[in-house]
Amino acid sequence: MRKLAHVIGAGWLAISVGFILVTVITVLCQVAFRYLLALPLAWTEEVSRMALVGAVYAGLPAAYLRGEHIVVDFFVSLLPGWLFQPYVIAMKLICAVTLSYLTYGAFLQIEGTKGMTLIALPTFPVSAIYAVQAAALFSFTLLILLTLRDPRTYVAQEVGLDS
Amino acid sequence: RTLTLGTVYGARDVSTQAMEHWSEALSEATEGRWSLSIVPGGTLGGDREMLQQLSTGEIDINLSSPVVMQYVAPQYQCLEAEYIYDSEEQGFAVWRGDIGKAASQAMKDAHGIEIAAVGRRGARLVTANKPILKPEDLAGLKFRVTNNLRSEVFAAYGAQPAPLPLSELYGALRQGVFDAQENPLSTIFSLRFHEVQSHISETNHIWTYNLVLTNSDLMEELGEDRAAFESTLNESLEWLYTAIDEENARIRAEIEASGSAVFDKPDTKAFRDAARPILAAYAEQSCAPGLLDAVDAVAASN
Amino acid sequence: MLPVFLTFSALTLITCGLMIGVAAALVSIIGGMALFGDPFGARVPMMISRFAIDRIDNFLLLAVPFFILAGRLMNTGGVTVRLFDFVAVLVQPLRGGLGYANVMASFVFAGMSGSATADVVGLGSIEMKAMRSNGYPEGFSAGVTAASSLLGPVIPPSIVLIAYAVQAEQSVATLFLAAIVPGILMAACFMAWVFFESRRLKLPAGSWPSGREVRVKALHAILPLLTPGIILAGIYGGIFTPTEAAAVAVLYALLLTTLVYREMNWKTFLAELKGTALDTATLMFIIAMTSAFGVIMLRLGLPQAMVGIVVGISENPTIVMFLMLVVWLLVGCFMAQTPAIIILTPILMPIADRFGFDMIHFGIVMAMALTIGLLTPPVGMVLYALRKVADVPLAILFRVVMPYIAIAVLFISLLILVPQLVTALPYAFGLH
Ligand code: NA
Ligand code: NA
């Protein structure tokens, strides 16, 4: 189970890193082409924005496995030992239910945005973004269920980011 | 029932004020059966986001510009293209005639949205730090645009078009990241672009309109109140027609009195002639077959 | 009453340890069901899913991963340590010199990164180590390290100010400019406190450095010291927009760490990219879901209710702003600053409008007030980070940051009373 979970997480993380690289490269291209070459590009803004959205959703399953989701563990850390495990499982179940609801919404949006495209890239369907969202949220939910009994994937183990 | 109307225009925008007028008239005419809750300023999202909300019925009405065609009826996106109309009146005739009805039907079939009414919005003008009197005057200027066709047209004039979020545009013009931009006069004034640009050129390269879009189910739901809904809406849009003249005159006087920018009357024919071939090629590729010819065949009327 | 109840529910769920993004999503779903009155229709799930995409589909927010990546590259690539060595040698002969160096290094680092934990995790551990080996008391060291990290989100670039700009439709460039004077003054206030503490605690003073020592360390640090200048000169000199500046900062950090210091290789670079992807996903999901929550509260009428409550208490703008300050400090205790500013901005905008607050001044004061929450229980992210990197117990940390919290609150009160401290620079540059 844990093995499968880690393969899924690593796959998504690779995709997310790819998207992050795309954002950096397209924005640098935007500056270089406008300022240095005086040849502004029209598509860079939209591509970088879509890559950002892709990076965020692709990164979610992996962030979950690393316990990087921002959780306020102050209250959780005060719990008596016997209650800790069941409490974390309950939290995870709430997360799984909420995220599957979001997955369902993303799935409906794939259908609902049929025929809509981006402005600068008229060949790029808006529903592709929702497909990434649906797939990533589905994996996120799946990973929660696969690691339901493992508290380490919920309460942060290392320093996260102040947001 | 209270209907939610979303718009990206600000609360003080004259188009939003027209909706406030409509709100009052509608409640009065239907004895409170229908009222409007207006959410301005893009709080509910941008154009695409608002259309999706309209389509699912999260909101009931959306006031926006024909730019939305790109999302919900792309074969009609040319109806807000550079120099497609000879005059503002011709554009009204197109939008209120068969072509506008066909566009509305296309949106209804695909997304359950329709055009309830078309109102005045005005022209888009170019601002820069030099007089823009002919296309060549734009040569080499870093020019802020927001869509592909506009980018191609202004590139043909010799400008260097690139995108930028509207909120950063003032700073970018001030600092010289961008040299020029184009927007309706009300936007130029409310975002104070006249303070950082010395010339406002009345290129009128776009005649844009207010589309009052509604969810098609709502139009059915209105039943007997539909007549009141439409008549009060049309009255408010008539109010808007004259209010825009007053607003533009006031803005113009204020900018001229401040001395921060001057207005130029350019040779629009030269701009039009340079834009038409690009528009034709674009329409060929992206719009309904024969749309440009059909628009040309519509005579100006008002 | 429903939106007020839902807001308290969200805060309770977060405090109980539900993932912040999920808590915001859950309360948004319930709010959406109440709003449309059809709990099982397709509208609510479609709405939440759309918000979850569209609220982060924003060019300005691209600066967030870029500044996270730039900060990470500086930390692992040997930039941060050279920076600290240089400022430390400058103030070495002063009593409590490493205390000043601590603030000054954070000040410069803040000019390259957008968050406080980036400061604590990288610079903070270097500072704690240096102060320990020079015999500084643990409490003093931890206090100044924690407090000075607050400069990270205040001095531009700043993730929280970008989030405010997006929500309030204000210019990032103008907000960054407006934060400079408050940032400098806050650093000065912290250094003044270091001055008094150094005398009270009889802290050690170092020897005078040789001219050669200063030159060598300066040479090592000169390139990173240029980073804030490149970012600011680029934005205000007409070369690039704030988002583009962030991408350029990444490129510069990469060139510096690979070609100049040669401390970055493919493996470490990939590790930082992974870290950036994880941080970005975590933070931006929260931004997306709290934005959705904010819009739904708006449609349920919370802002109007807030205006009514506030007007009932006072009609005086200054008093109202101090009232806001109390709210921000309280919310900051329970919520990280970016989600807090994302939720609060649309709710408080009608109040700002009603009392005629300057939106740049309002945003800077709100961001700084929420930043204080980084140092307070139960959510103080900086203290949790410092506990992990420097192994100082939380109980001590909570105690030693108290004076700095007091200084920061007094300083923010001054900003409320003298708005020109915030707005004068943007005015001078013609950006406001
Ligand atoms: Na520090
Ligand atoms: Na910073």
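In case you missed it, the structure is sitting above this.
Let me sum up the structure you'll find in this document. The structure displayed is predicted, hence computed values, not measured ones.

**What about the overall build of chain B?**
- Within chain B, the secondary structure is distributed over 13 helices and nine strands.
- Expected size for 302 residues packed as a compact globule is a radius of gyration near 19 Å; at 19 Å, chain B falls within 12% of this value.
- The C-alpha extent of chain B, read off along each of the three principal axes, is 55 × 45 × 35 Å.
- For chain B, the proportion of its 302 residues judged to be buried stands at 61%.
- Split by element, the accessible area of chain B, about 11,100 Å² in all, is 48% carbon and sulfur.
- One way to put it: in chain B the 24 positive side-chain charges average out to a point 6 Å from where the 44 negative ones average out.

**Some points on the overall build of chain C**
- Within chain C one finds 22 helices and zero strands.
- In terms of C-alpha radius of gyration, chain C reaches 22 Å, essentially the compact-globule figure of 22 Å for 432 residues.
- Considered along the principal axes of its C-alpha atoms, chain C spans approximately 75 × 50 × 45 Å.
- A total of 432 residues make up chain C; the buried ones form 64% of that total.
- Sequence separation of 24 or more characterises 80% of the internal contacts of chain C that already satisfy a separation of 6 or more.
- Accessible area for chain C stands at about 14,000 Å²; split by element, carbon and sulfur atoms hold 70% of it.
- Of the side-chain charges in chain C, 22 are positive and 18 negative, and the distance between the mean point of each set is 9 Å.

**Topic: the packing of aromatic side chains**
- Throughout the structure, instances matching the rule amount to 17 aromatic pairs over all chains.
- Look at A:Y57 and C:F285: their rings are 6.4 Å apart centre to centre, the planes differ by 85°, and that puts the pair in the edge-to-face class. Of this pair, A:Y57 sits in helix α2 (residues 44-65) while C:F285 sits in helix α14 (residues 266-299), placing the two residues on different chains. Neither A:Y57 nor C:F285 differs from the other in exposure class; each is buried.
- Ring plane angle 15° and centroid distance 5.6 Å describe the contact between C:F357 and C:F362, whose orientation is recorded as stacked.
- By the ring-pair criterion, three or more aromatic residues cluster together here, those being B:Y85, B:F92, B:Y209 and B:Y241.
- Positioned over the ring face of B:Y241 is B:R120, at 4.1 Å from the centre of the ring.
- Positioned above the aromatic ring of B:Y170 is the side chain of B:R192, whose terminal nitrogen or guanidinium carbon lies 4.8 Å from the ring centre.

**Some thoughts on the coordination of the sodium ion (ligand 2)**
Residue and element names in this part refer to chain C.
- Only A110 (O), S113 (O), G152 (O), I155 (O) and P157 (O) from the protein coordinate the sodium ion (ligand 2), and they sit 2.1 to 2.4 Å from it.
- Each donor residue of the sodium ion (ligand 2) lies on the same chain, and together they follow the pattern A-x2-S-x38-G-x2-I-x1-P. With S113 in the loop between α6 (97-110) and α7 (116-133) and I155 in the loop between α9 (151-154) and α10 (159-168), this pair connects stretches of sequence that are 42 residues apart. The two residues S113 and I155 agree in class, both being buried.

**Some details on the state of the cysteines**
- With the rule as written, the count across this model stands at one disulfide over all chains.
- Here B:C78 pairs with B:C287 through a disulfide, and the sulfurs are 1.8 Å apart. Across the S-S bond linking B:C78 and B:C287, the dihedral sits near 85°, which makes this disulfide right-handed. Of this pair, B:C78 sits in the loop between α3 (69-72) and α4 (88-96) while B:C287 sits in the loop between α12 (268-286) and α13 (291-297), and the two are 209 residues apart along the sequence.
- With relative accessibility at 1%, the residue B:C78 sits in the buried group.
- Sulfur of C:C333: no disulfide; nearest cysteine sulfur belongs to C:C16 and is 16 Å away.
- C:C333 sits in the buried class, given a relative accessible area of 17%.

**Regarding the interface of chain A and chain C**
- Contact residues are listed per partner, giving 63 residues for chain A and 72 residues for chain C.
- Taken together, both faces of the contact between chain A and chain C bury some 5,900 Å²; the carbon and sulfur share is 75%.
- In this structure, the connection of chain A to chain C is made through one salt bridge.
- C:D57 serves as the salt-bridge partner of A:R49, at 2.7 Å between the closest nitrogen and oxygen.
- The tally of links between chain A and chain C comes to nine residue pairs in polar contact (both at pLDDT 80 or more).
- Its residues assigned to classes, the side of chain A that touches chain C comprises 42 nonpolar, 13 polar and eight charged.

**Comments concerning the nonpolar core**
- Membership of the largest hydrophobic core comes to 305 residues, with the highest contact counts inside it found for A:Y57, B:L138, C:F84, C:W328 and C:F362.
- Sorting elements by how many residues they give to this core places α14(C) first, with 18 residues.
- With residues near it in sequence (within four places) discarded, C:F84 still touches C:L98, C:A101, C:N102, C:A105, C:L123, C:I126, C:E127 and C:A130.
- B:L3, B:W22, B:L63 and B:F229 belong to the second-largest nonpolar core, a separate cluster that totals 25 residues.

**Brief notes about the pattern of salt bridges**
- In this structure the tally under the stated criterion is 37 salt bridges over all chains.
- Among the charged side chains, a salt-bridge network with shared partners connects A:E45, A:R49, B:R48, C:D54 and C:D57.

**Looking at unusual backbone geometry**
- Omega for the bond connecting C:P156 with C:P157 falls within 30 degrees of zero, at 0°, which places this linkage in the cis form.
- Among the secondary structure elements, C:P157 is positioned in the loop between α9 and α10.
- If you check the backbone angles, B:N204 has positive phi at about 45° while not being a glycine.
- As for its position among the elements, B:N204 is in strand β8 (residues 199-215).

**Things to note about a nonpolar patch on the surface**
Residue and element names in this part refer to chain C.
- Side chains of L219, I222, L223, L226, I230, L251, L255, L259 and V260 sit close together on the surface and give an oily, nonpolar patch of about 760 Å² of accessible area.
- Taken together, the elements giving at least two residues each to the nonpolar patch come down to α12 (211-236) and α13 (242-260).
- Per-element tally for the nonpolar patch: the top contributor is α12, with five residues.
- Tracing the backbone through its elements, the reader meets L255 in helix α13.

**A short note on the environment of C:A52**
- With respect to the helices and strands, C:A52 occurs in helix α3 (residues 43-54).
- The spatial distance from the C-alpha of C:A52 to the C-alpha of C:M284 is 9.4 Å, given a sequence separation of 232 residues.

**Thoughts on the interface of chain B and chain A**
- Taken together, the contact pairs 18 residues of chain B with 20 residues of chain A.
- Summing both sides of the interface, chain B and chain A together bury roughly 1,600 Å²; the carbon and sulfur share of this comes to 55%.
- Where chain B touches chain A, the interface holds zero salt bridges.
- Counting the contacts that link chain B with chain A gives two residue pairs in polar contact (both at pLDDT 80 or more).
- Counting only elements with at least two residues in the side of chain B that touches chain A, the list comes to α2 (47-56), α3, α6 (148-156) and β6 (160-162) of chain B.
- Taken together, the residues of the side of chain B that touches chain A sort by class into eight nonpolar, eight polar and two charged.

**Observations concerning the environment of C:L226**
- With respect to the secondary-structure elements, C:L226 resides in helix α12.
- Counting along the chain gives 115 residues from C:L226 to C:G111, while the straight-line C-alpha distance between them is 9.7 Å.

Conventions used here
- Each chain carries its own residue numbering, running from 1 in the written order of its sequence.
- Key to labels: chains lettered from A, ligands numbered from 1, both in the order written.
- Residue-level local features of this predicted model are given only where pLDDT is at least 70; pairs of side-chain atoms are given and counted only at 80 or more, and the full residue set underlies all totals for whole chains, interfaces and linings.
- Only hydrogens and water are set aside when side-chain values are computed; all heavy atoms of the structure are taken into account.
- To qualify as a helix, a DSSP run of H or I must reach at least 4 residues; to qualify as a strand, a run of E must reach at least 2; elements of each kind are numbered from the N terminus.
- With C-alpha atoms as the basis for the radius of gyration, the globule rule is written as 2.2 Å multiplied by the number of residues raised to the power 0.38.
- Using a 1.4 Å probe on the protein chains alone, a residue whose accessible area is under 20% of its type maximum counts as buried, one over 50% counts as exposed, and one in between counts as partly exposed.
- Here the accessible surface of atoms and residues is derived via Shrake-Rupley with a 1.4 Å probe, and residues count as covered only by protein chains that are part of the display.
- Only four residue types enter the charge count: Lys and Arg as positive, Asp and Glu as negative, with His and the chain ends excluded.
- Positions of charges follow a simple convention, taking NZ of Lys, CZ of Arg, CG of Asp or CD of Glu.
- By the convention used here, residues are in contact when the closest approach between their heavy atoms is within 4.5 Å.
- What counts as a ring pair is set by centres within 6.5 Å for rings of Phe, Tyr and Trp (its six-membered ring), and what kind of pair is set by the plane angle: stacked under 30 degrees, edge-to-face over 60, tilted for all other angles.
- Only lysine NZ and arginine CZ atoms are considered, and such an atom sits over a ring when it is within 6 Å of the ring centre and within 35 degrees of the ring normal.
- The donor definition counts N, O and S atoms within 2.8 Å of each metal and applies 3.2 Å to Na, K and Ca; water is not among these atoms, so some sites may look incomplete.
- Cysteine sulfur atoms are paired as a disulfide whenever they fall within 2.5 Å.
- A quick way to say it: buried area is the sum, across both parts, of accessible area lost when two parts are put together, with a 1.4 Å probe.
- The term salt bridge refers to a side-chain nitrogen of Lys or Arg lying within 4 Å of a carboxyl oxygen of Asp or Glu.
- Pairing of N or O atoms within 3.5 Å defines a polar contact, subject to two protein rules: one partner must be a possible hydrogen donor and the other a possible acceptor, and residues neighboring in sequence count only if both atoms are side-chain atoms.
- Residues are grouped as follows: nonpolar covers Ala, Val, Leu, Ile, Met, Phe, Trp, Tyr, Cys and Pro; charged covers Asp, Glu, Lys and Arg; every other residue, Gly included, is treated as polar.
- For our purposes a nonpolar core is just a set of buried Ala, Val, Leu, Ile, Met, Phe, Trp, Tyr and Cys residues, chained together by side-chain atoms within 4.5 Å.
- Within the patch definition used here, like charges are joined within 9 Å and nonpolar side chains (Val, Leu, Ile, Met, Phe, Trp, Tyr) within 5 Å, considering only residues with over 30% relative accessible area and no salt bridge.

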